[in-house]
Structures are given as structure tokens and as C-alpha cells.
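Structural characterization, general
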Amino acid sequence: GAVVSQHPSWVICKSGTSVKIECRSLDFQATTMFWYRQFPKQSLMLMATSNEGSKATYEQGVEKDKFLINHASLTLSTLTVTSAHPEDSSFYICSSGRDPPKNIQYFGAGTRLSVL
Amino acid sequence: EDQVTQSPEALRLQEGESSSLNCSYTVSGLRGLFWYRQDPGKGPEFLFTLYSAGEEKEKERLKATLTKKESFLHITAPKPEDSATYLCAVQANSGYALNFGKGTSLLVTP
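Residues numbered from 1 in each chain as written. Chains lettered and ligands numbered in written order. Predicted model: local features only at pLDDT ≥ 70, side-chain atom pairs only at ≥ 80, totals over all residues. Heavy atoms only, no water.

Before going further, it helps to examine the sheet that holds strand β3 (residues 19-25) of chain A. All names here are of chain A. If you walk across this open sheet you meet the four strands as β1-β3-β8-β7, and the pairing is antiparallel. Looking at which strands have only one partner, the edges of the open sheet turn out to be β1 (4-7) and β7 (67-73). On average, each strand axis in the sheet is inclined to that of its neighbour by 15°, with strand direction left out of account. In this structure, β1 lies alongside β3, joined through four bridges in antiparallel fashion. (Pairing = 2+ DSSP bridges. Helix = DSSP H or I, 4+ residues; strand = E, 2+ residues; numbered from the N terminus. Axes fitted to C-alpha atoms, helices over the stretch in contact; angles between N-to-C directions.)

Another point: the pattern of salt bridges. Evaluated as defined, the whole model comprises six salt bridges over all chains. One salt bridge connects K66 of chain A with D88 of chain A, and the closest N-O pair in it is separated by 2.8 Å. Here K66 of chain A, found in the loop between β6 (57-58) and β7, pairs with D88 of chain A, found in the loop between β8 (76-81) and β9 (90-97); they are 22 residues apart in sequence, far enough to count as distant. Relative accessible area serves as the criterion here: at 11%, K66 of chain A is assigned to the buried category. Residue classification places D88 of chain A among the buried positions, given a relative accessible area of 4%. Between R61 of chain B and D82 of chain B there is a salt bridge, with the nearest N and O atoms lying 2.8 Å from each other. With a gap of 21 residues between them, R61 of chain B in the loop between β6 (56-59) and β7 (62-66) and D82 of chain B in the loop between β8 (70-75) and β9 (84-92) connect regions that are remote in the sequence. (Salt bridge = Lys/Arg side-chain N within 4 Å of Asp/Glu carboxyl O. Buried < 20%, exposed > 50% of the residue type's maximum accessible area, 1.4 Å probe, protein only.)

What follows deals with the state of the cysteines. Note on terminology: disulfide describes a covalent bond linking the sulfur atoms of two cysteines. Residues and elements named next belong to chain A. Applying the stated criterion across every chain, the model contains two disulfides over all chains. Each sulfur of the disulfide joining C23 and C94 lies 2.0 Å from the other. The chirality of the disulfide connecting C23 with C94 is right-handed, given an S-S dihedral of about 85°. A residue pair is termed long-range when its members are at least 10 positions apart, and C23 in strand β3 and C94 in strand β9 qualify at 71 residues. Take C94: its relative accessible area is 0%, and that puts it in the buried class. (Disulfide = S-S within 2.5 Å.)

This is how it looks when you write it as C-alpha cells:
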């Protein structure tokens, strides 16, 4: 299967600071990437769709000014959690699909964010 | 609104004891139904995609089936290494994002 790399795997930060998470497609070009969030014992919830060369599309209830997404190239999307607070502590996971078949989504290993 | 419901929430099996996991779904125009395996602290690992009712796919001890309302993941003679959370997700014709169920946590004991 396709390979999606996510970095870092774990980050601890102080409240009020910003954290950047990278998602790379290693062996294919990804015009679209997805960002999900997963709380303990819960399933993955879609946060936003990252589109190469254009603005991201955010799901209802997700603050676009808090979760900044940049998809500047066909292999890299970044999610920046700005002014992080303890309630932002979660497991963040990205996915992308090789084209074709674009619909099969491959996931990164995830980033565990802990905000103190 | 698309909905995915998985049952049971948790399942404990003895090694070799076959069973099935259920995924009930409603979606406006199904592009595909997906099964993933997720180990603790890891991202989901792709297992199967099913596209139409009646379709079946197999991989080692796993077999996935699909009807118009639900999908089953059958596990035959499971081993301890099959212990994980199994996630079901639907993809609508309107896009490529996935709508996930809450998963079934499977524990296989020796």
C-alpha cells in the first residue's frame, strides 16, 4: 500500500504555544489530504480537508483560525495547532489517497499532542 | 446524515474461536465501505474496501462481506496477534473523506 508519513509522533507543549504537525505522502502525489482527530476510546472525527494550492475546507465546529492547514506541495500538508490549550490534547491523524484509486485512504501513524 | 454503528464495542475470544464483527450503516450514495485495523497509539491500517452488496473479500483469517445495510468482518480461528481495534468507515459519492464507526476492540487470548 501507499505510505503516508506523519511527524512528530508525540509532542508535549505548554498552554498558549503553537505546534506544527507534518503529513507527507512518500511514494505518490496527493492533491487532497484529510486531517482527523481521535479522543480516547472514541473514533476518528474528520476535522478538515486539505487541498493542494488552495484553502482547506473545515468541518462544522472546527475553528479554522485555531487549526491552520497548509498544503503547499503535492507531498506535504501541515496542521498547526495555534495557542494550544489542554482541551486540544488528542491524537491527530492524517490520511491521503493515491490517484487512482483515490478513494482508498492510507493513514499516517498519528501524532499524540499533550498540552500542559 | 451518514451514520456508522459497530457492534459489539468489545469482544474477547479464545485463540481459534471464530466470530464476526458487525457494521451497520446509512449513507446517501455509497462510494465504498472500508475496514481498518488500529493498534494502540497507531494510525489505522487498511484492510478491505467493498463497493457493492454481495461483494466479499478475504485476507488471511479475515473475510469481509457487504449488504445494502451492513457489513460483517468474519475472523476465522483468530490468533493473539489479531488483537486490535477494528474500524468500519463509509465513503459517500460526494467525496473521499471517511465517516468512521466507534470500532470494535478485539482481544484474542492464548
